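Each chain, written out:
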Amino acid sequence: MTSEVIPYGRQLISAEDEAAVLEVLRSPWLTQGPAGPRFEAALAARCGAAQGVAVCNATAALHLACLALGVGPGDTVWTTPNTFVASANCARYCGARVDFVDTDPATLNICVSALAERLAAAARSETLPKVIIPVHFSGRACPMDEIGALARRYGVRVIEDASHAVGATFQGAPVGDCRFSDIVVFSFHPVKIITTGEGGMALTNDPELARAMIRLRSHGISRDPAEIESPDGPWYYEQSGLGFNYRLTDMQAALGLSQLSRLDAFLAERRRLAERYHARLAHLPVGLPAPCPESAWHLYCIRVDASRRREIFERLQRDGIGVNVHYIPVHTQPAYKALGFAWGDFPAAEAYYREAITLPLHPALGDDGQDRVIAALEKALQ
Ligand SMILES: *Cc1c(COP(=O)(O)O)cnc(C)c1O
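Since the structure is predicted, the reported quantities are computational estimates derived from the model, not experimental observations.

(A) Examining the overall build of the protein chain more closely. Within the protein chain one finds 13 helices and 13 strands. Taken along its principal axes, the extent of the C-alpha atoms in the protein chain is 75 × 60 × 40 Å. The buried share of the protein chain, taken over its 382 residues, is 54%. If you take every contact in the protein chain between residues at least 6 apart in sequence, the share linking residues at least 24 apart comes to 72%. Accessible area for the protein chain stands at about 16300 Å²; split by element, carbon and sulfur atoms hold 54% of it. Across the protein chain, the 36 positively charged side chains and the 42 negatively charged ones have centroids separated by 4 Å.

(B) How the structure looks around the site of the ligand. Neighbouring residues of the ligand: 15 residues in total, closest Thr59, Asp161, His164, Ser187 and Lys192. His164 is positioned such that a nitrogen or oxygen atom in its side chain is 2.7 Å from an oxygen atom of the ligand. At a separation of 3.2 Å, an oxygen atom of the ligand approaches a polar side-chain atom of Tyr327. When the residues that make up the shell around the ligand are grouped by side-chain class, the tally is 5 nonpolar, 8 polar and 2 charged.

(C) Structural detail: the packing of aromatic side chains. Counted under the stated rule, the structure contains 12 aromatic pairs. Their ring planes at 65 degrees and their centres at 5.8 Å tell us that Phe100 and Phe346 sit as a pair that is edge-to-face. Taken together, the positions of Phe100 in strand β3 (residues 97–100) and Phe346 in the loop between α11 (334–337) and α12 (347–355) put the pair 246 residues apart, joining distant regions of the chain. Look at Trp343 and Tyr353: their rings are 6.0 Å apart centre to centre, the planes differ by 35 degrees, and that puts the pair in the tilted class. On the criterion of sequence distance, the pair formed by Trp343 in the loop between α11 and α12 and Tyr353 in helix α12 is long-range, its members being 10 residues apart. The side chain of Arg118 reaches across the aromatic face of Trp78, ending 4.7 Å from its centre.

(D) Representation of the environment of Ala123 within the structure. Residue position: Ala123 is located in helix α5 (residues 112–124). The exposure class of Ala123 is partly exposed, given its relative accessible area of 31%. Expressed as a C-alpha distance, the spacing of Ala123 and Tyr154, which sit 31 residues apart in the sequence, is 7.4 Å. Look past the residues within four positions of Ala123 in its chain and what remains in contact with it is Leu128 and Tyr154.

(E) Local environment of a nonpolar patch on the surface. Nonpolar side chains collect at one region of the surface, where Leu22, Leu25 and Leu30 lie side by side and expose about 250 Å² of accessible area between them. With respect to the helices and strands, the residue Leu30 is situated in the loop between α1 (15–25) and α2 (35–47).

(F) Looking closely at the sheet that holds strand β5 (residues 157–161). With respect to topology, 7 strands assemble into an open sheet ordered β1-β9-β8-β5-β4-β2-β3, the strand pairing being mixed. Each edge of the open sheet is held by one strand with a lone partner, namely β1 (51–55) and β3. In this sheet, neighbouring strand axes are inclined to one another by 20 degrees on average, regardless of whether the strands run parallel or antiparallel. With 4 bridges joining them, strand β2 (residues 76–79) and β3 adopt parallel strand pairing.

(G) A look at the pattern of salt bridges. All chains considered together, the criterion is met by 20 salt bridges. Where Asp17 meets Arg262, a salt bridge forms, and the shortest distance between an N and an O atom there is 2.9 Å. With Asp17 in helix α1 and Arg262 in the loop between α8 (250–260) and α9 (263–281), this pair connects stretches of sequence that are 245 residues apart. In this structure, Arg276 engages Asp371 in a salt bridge whose closest nitrogen and oxygen atoms are separated by 3.0 Å. With Arg276 in helix α9 and Asp371 in helix α13 (residues 366–381), the pair connects residues that are 95 residues apart, well separated along the chain. A network of salt bridges, in which partner residues are shared, links Glu269, Arg272, Arg276, Arg280, Asp367 and Asp371.

(H) Fine view of unusual backbone geometry. Residue Tyr327 is reached from His326 by a cis peptide bond, and omega for that bond is 5 degrees. As for its placement among the helices and strands, Tyr327 is situated in the loop between α10 (309–318) and α11. Here the phi dihedral of Gln32 falls at roughly 60 degrees; this positive angle occurs in a residue that is not glycine. Turning to its location among the elements, Gln32 is positioned in the loop between α1 and α2.

Conventions adopted
- The numbering scheme is per chain: residues are counted from 1 as the chain's sequence reads.
- In view of the model being predicted, local features appear only for residues whose pLDDT reaches at least 70, and side-chain atom pairs are presented and counted only at 80 or more, with totals across whole chains, interfaces and linings using the full set of residues.
- Water and hydrogen atoms play no part in the side-chain values, which are based on all heavy atoms of the structure.
- A run of H or I in DSSP becomes a helix once it reaches four residues, and a run of E becomes a strand once it reaches two; helices and strands are each numbered from the N terminus.
- Burial classification: accessible surface area is computed with a 1.4 Å probe over protein chains only, and a residue below 20% of its type maximum counts as buried, one above 50% as exposed, and the rest as partly exposed.
- The criterion used for residue contact is that any of the two residues' heavy atoms lie within 4.5 Å.
- Values of accessible area rely on a 1.4 Å probe in the Shrake-Rupley scheme; residue burial ignores everything except the protein chains shown.
- Two residue types count as positive, namely Lys and Arg, and two as negative, namely Asp and Glu; His and chain ends fall outside the count.
- Charged side chains are reduced to one point each, which is NZ for Lys, CZ for Arg, CG for Asp and CD for Glu.
- When we say a residue is near a molecule or strand, we mean one of its heavy atoms is within 4 Å of it.
- The term polar contact refers here to a pair of N or O atoms within 3.5 Å; inside protein, the definition further demands a hydrogen-donor-capable atom paired with an acceptor-capable atom, and it admits residues adjacent in sequence only when both atoms are side-chain atoms.
- Following the grouping adopted for this structure description, the nonpolar residues are Ala, Val, Leu, Ile, Met, Phe, Trp, Tyr, Cys and Pro, the charged ones are Asp, Glu, Lys and Arg, and the polar ones are all others, Gly among them.
- Two rings from Phe, Tyr or Trp (for Trp, the six-membered ring) form a pair when their centres sit within 6.5 Å of each other. Planes less than 30 degrees apart are called stacked, planes more than 60 degrees apart edge-to-face, and all others tilted.
- Two conditions define a charge located above a ring, namely a distance within 6 Å from the ring centre to NZ of Lys or CZ of Arg, and an angle within 35 degrees of the ring normal.
- Each patch is assembled from residues with relative accessible area greater than 30% and no salt bridge, linking like charges that lie within 9 Å and nonpolar side chains (Val, Leu, Ile, Met, Phe, Trp, Tyr) that lie within 5 Å.
- Here, a salt bridge means any side-chain nitrogen of Lys or Arg that lies within 4 Å of a carboxyl oxygen of Asp or Glu.
- Two strands pair if DSSP finds at least two bridges between them.
- Every axis in this analysis is a line fitted to C-alpha atoms, fitted for helices over the stretch in contact. Angles between the N-to-C directions lie between 0 and 180 degrees.

Written out as structure tokens, the structure reads:
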């Protein structure tokens with residue numbers, strides 16, 4: 001093969017993006033300047049949330065979201081096994097325990113009927129989680145109305161891990177409006193829908209949660225006179241608790257703002273390519289993701305015969321297709337087995353994992369790139 005490897009995901013950077021970053025580089029403020037708050041306000045407005053808190057990555061946003069909701073030692077947080085490890089690790093950073101609820105085989109999101117059963121059982125044994133973290137896998141929103149209703153019924157808080165779902169909608173309204181949750185978290189890693197290199201944001205409608213996350217993002221320090229207990233002069237800042245340096249730079253925020261202006265174009269191209277895959281793979285012996293016009297289409301994950309998954313994956317790799325697998329169930333990682341989890345604990349996520357292959361899907365793919373992927377898949381399946 002002489003042609004380049006086609007990655008499963010990648011950024012698309014324009015001349016406007018470059019100019020936006022350069023403008024900040026030539027300005028007095030490389031960090032904590034005006035671009036950060038502008039990016040926060042723009043994404044919050046786009047998603048219909050009251051406030052955004054930009055941070056250095058989505059993992060940090062998940063950590064701050066857990067802390068702002070009071071997660072600590074003795075608490076339990078539930079998430080889905082079909083996710084990136086960060087969705088679970090964030091609770092462990094706070095000293096809390098993690099548990100999982102198995103996935104719905106149709107959507108690969110957290111299974112709402114399993115969640116309802118587990119919550120009922122946990123209420124009886126007084127072991128309810130403090131927080132649940134549903135993940136909008138591949139950009140397809142979880143049934144947040146049902147999850148939100150369950151959470152209210154049992155007094156459980158909700159953080160949506162929407163790392164895959166910037167620009168997705170649910171029942172016609174944007175993911176990120178927090179109407180069924182306390183906090184929604186986005187990632188701007190280069191494989192995601194819009195990028196800042198590294199970066200993330202937490203959106204919330206609760207000013208107290210926003211204030212807590214802003215403070216924790218910067219060492220636990222505040223300079224706001226209204227928040228200071230013992231002012232000692234105009235130089236004075238106050239650290240009220242233990243925080244972190246989780247700030248996003250202004251170069252990154254400017255890139256995010258510029259990328260956000262093209263979000264609709266990115267979404268339209270992802271959706272077009274996803275529909276093109278649906279049409280052009282329909283004749284092959286593979287499982288395709290269910291159509292979903294509201295998805296942000298971060299990932300296009302197909303299912304193949306489990307006994308041939310490795311062979312098909314390797315054939316695609318040899319043909320220069322940058323396939324991937326999303327996700328290795330989190331509970332099967334050694335770092336989770338050490339906590340007592342084992343293969344067999346969450347059979348739906350495990351069954352899906354054994355068949356899963358992620359095909360390239362991103363706005364730089366183009367019809368030619370996609371045709372190469374399709375031809376390679378046809379060949380690999382023979
Ligand atoms: C990418 C991702 C994260 C972590 O995002 P970073 O910005 O890289 O920290 C968390 N959860 C999910 C589901 C992700 O896909």
